[in-house]
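Take a look at the letters that make up each chain.
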Amino acid sequence: MAYKDSVQRVSPRNDTKITGTVTCKTGSSSGIVRDLSEEGICFQLLFDIGARTGQEVTIRSEELGFLTGMVRWVRGDRIGIKLNLSSNTAAQISSYYKFFR
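Residues numbered from 1 in each chain as written. Predicted model: local features only at pLDDT ≥ 70, side-chain atom pairs only at ≥ 80, totals over all residues. Heavy atoms only, no water.

## Things to note about the sheet that holds strand S4 (residues 56-61)
Sheet strands pair by backbone hydrogen bonding; their relative direction is either parallel or antiparallel.
Alright, step 1. Read once around its circumference, the closed barrel built from 6 strands follows the order S1-S2-S3-S6-S5-S4, with strand pairing classed as antiparallel. Going across the sheet, the axis of each strand differs from the next one's by a mean of 45°, ignoring polarity.
Alright, step 2. Bridge count between S4 and strand S5 (residues 65-75): 6 bridges; the pairing is antiparallel. Of the residues in S5, the one forming a bridge with Arg60 is Phe66.
Alright, step 3. Of the strands in this sheet, strand S1 (14-24), strand S2 (27-36), S5 and strand S6 (78-83) touch helix H2 (residues 87-99), which is tilted by about 90° from S5. (Pairing = 2+ DSSP bridges. Helix = DSSP H or I, 4+ residues; strand = E, 2+ residues; numbered from the N terminus. Axes fitted to C-alpha atoms, helices over the stretch in contact; angles between N-to-C directions. Contact = heavy atoms within 4.5 Å.)

Below you can see the structure in the form of C-alpha coordinates.
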(Lines give C-alpha, C1' and ligand atoms only; values in the text may rest on other atoms or scores of the structure.)
Protein backbone atom coordinates (compact mmCIF):
# COMPACT_ATOMS: atom_id res chain seq x y z
CA MET A 1 0.00 0.00 0.00
CA ALA A 2 1.36 3.42 -0.94
CA TYR A 3 2.17 5.88 1.84
CA LYS A 4 -0.34 8.42 0.50
CA ASP A 5 -3.12 5.80 0.67
CA SER A 6 -2.24 4.74 4.21
CA VAL A 7 -2.43 8.22 5.79
CA GLN A 8 -5.75 9.19 7.31
CA ARG A 9 -6.53 12.84 6.63
CA VAL A 10 -8.68 15.12 8.76
CA SER A 11 -10.10 16.66 5.60
CA PRO A 12 -9.88 15.47 1.99
CA ARG A 13 -7.18 16.88 -0.26
CA ASN A 14 -7.77 17.99 -3.83
CA ASP A 15 -5.07 18.07 -6.50
CA THR A 16 -4.42 21.60 -7.77
CA LYS A 17 -1.95 23.54 -9.91
CA ILE A 18 -2.23 26.93 -8.25
CA THR A 19 0.83 29.15 -8.67
CA GLY A 20 1.98 31.23 -5.74
CA THR A 21 4.81 32.29 -3.46
CA VAL A 22 5.85 30.94 -0.07
CA THR A 23 7.87 33.10 2.30
CA CYS A 24 9.53 32.14 5.59
CA LYS A 25 12.27 33.76 7.66
CA THR A 26 14.99 31.99 5.62
CA GLY A 27 13.74 32.96 2.15
CA SER A 28 11.02 33.13 -0.45
CA SER A 29 10.20 30.98 -3.48
CA SER A 30 7.63 30.81 -6.20
CA GLY A 31 6.03 27.45 -6.79
CA ILE A 32 2.88 25.42 -7.18
CA VAL A 33 0.23 24.34 -4.69
CA ARG A 34 0.04 20.62 -5.54
CA ASP A 35 -2.85 19.81 -3.25
CA LEU A 36 -5.21 21.71 -1.02
CA SER A 37 -7.57 20.97 1.84
CA GLU A 38 -9.40 23.08 4.38
CA GLU A 39 -6.49 22.56 6.78
CA GLY A 40 -3.35 22.33 4.70
CA ILE A 41 -1.35 22.68 1.52
CA CYS A 42 1.37 20.73 -0.25
CA PHE A 43 3.57 23.34 -1.92
CA GLN A 44 6.24 22.49 -4.50
CA LEU A 45 9.08 25.02 -4.34
CA LEU A 46 11.04 26.22 -7.37
CA PHE A 47 14.01 27.17 -5.14
CA ASP A 48 15.24 25.79 -1.83
CA ILE A 49 14.49 28.34 0.87
CA GLY A 50 15.74 26.33 3.82
CA ALA A 51 12.24 25.78 5.21
CA ARG A 52 12.24 23.71 8.40
CA THR A 53 9.52 21.93 10.33
CA GLY A 54 7.81 24.34 12.71
CA GLN A 55 8.63 27.53 10.79
CA GLU A 56 5.89 30.07 10.19
CA VAL A 57 5.21 30.74 6.50
CA THR A 58 3.01 32.96 4.38
CA ILE A 59 1.47 31.91 1.08
CA ARG A 60 0.42 34.42 -1.58
CA SER A 61 -1.58 33.39 -4.61
CA GLU A 62 -3.95 35.09 -7.01
CA GLU A 63 -6.54 32.34 -6.51
CA LEU A 64 -6.15 31.89 -2.73
CA GLY A 65 -5.07 35.34 -1.58
CA PHE A 66 -2.87 35.65 1.52
CA LEU A 67 -2.68 32.67 3.91
CA THR A 68 -0.47 31.87 6.88
CA GLY A 69 0.61 28.57 8.32
CA MET A 70 3.36 26.37 9.72
CA VAL A 71 5.66 23.91 7.96
CA ARG A 72 4.67 20.38 9.00
CA TRP A 73 7.08 18.44 6.79
CA VAL A 74 9.77 18.89 4.13
CA ARG A 75 10.38 16.27 1.41
CA GLY A 76 12.77 17.33 -1.33
CA ASP A 77 11.28 20.28 -3.19
CA ARG A 78 7.88 19.96 -1.47
CA ILE A 79 6.71 21.25 1.89
CA GLY A 80 3.54 20.48 3.80
CA ILE A 81 1.91 23.51 5.38
CA LYS A 82 -0.70 23.37 8.13
CA LEU A 83 -2.84 26.46 7.65
CA ASN A 84 -3.69 28.77 10.53
CA LEU A 85 -7.41 28.15 10.73
CA SER A 86 -9.72 31.13 10.83
CA SER A 87 -12.99 32.18 9.28
CA ASN A 88 -10.96 34.19 6.75
CA THR A 89 -8.93 31.11 5.71
CA ALA A 90 -12.10 29.06 5.36
CA ALA A 91 -13.70 31.78 3.23
CA GLN A 92 -10.67 32.03 0.94
CA ILE A 93 -10.54 28.28 0.34
CA SER A 94 -14.30 28.13 -0.16
CA SER A 95 -14.04 30.98 -2.66
CA TYR A 96 -11.35 29.10 -4.57
CA TYR A 97 -13.60 26.04 -4.91
CA LYS A 98 -16.56 28.19 -5.94
CA PHE A 99 -14.86 30.41 -8.54
CA PHE A 100 -11.74 28.62 -9.77
CA ARG A 101 -12.61 24.91 -9.81
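## Things to note about the packing of aromatic side chains
Alright, step 1. Per the counting criterion, the structure on display carries 0 aromatic pairs.
Alright, step 2. The aromatic ring of Trp73 is capped on one face by Arg75, whose charged end is 4.1 Å from the ring centroid. (Phe/Tyr/Trp six-rings, centres within 6.5 Å; stacked < 30°, edge-to-face > 60°. Lys NZ or Arg CZ within 6 Å of the ring centre and 35° of its normal.)

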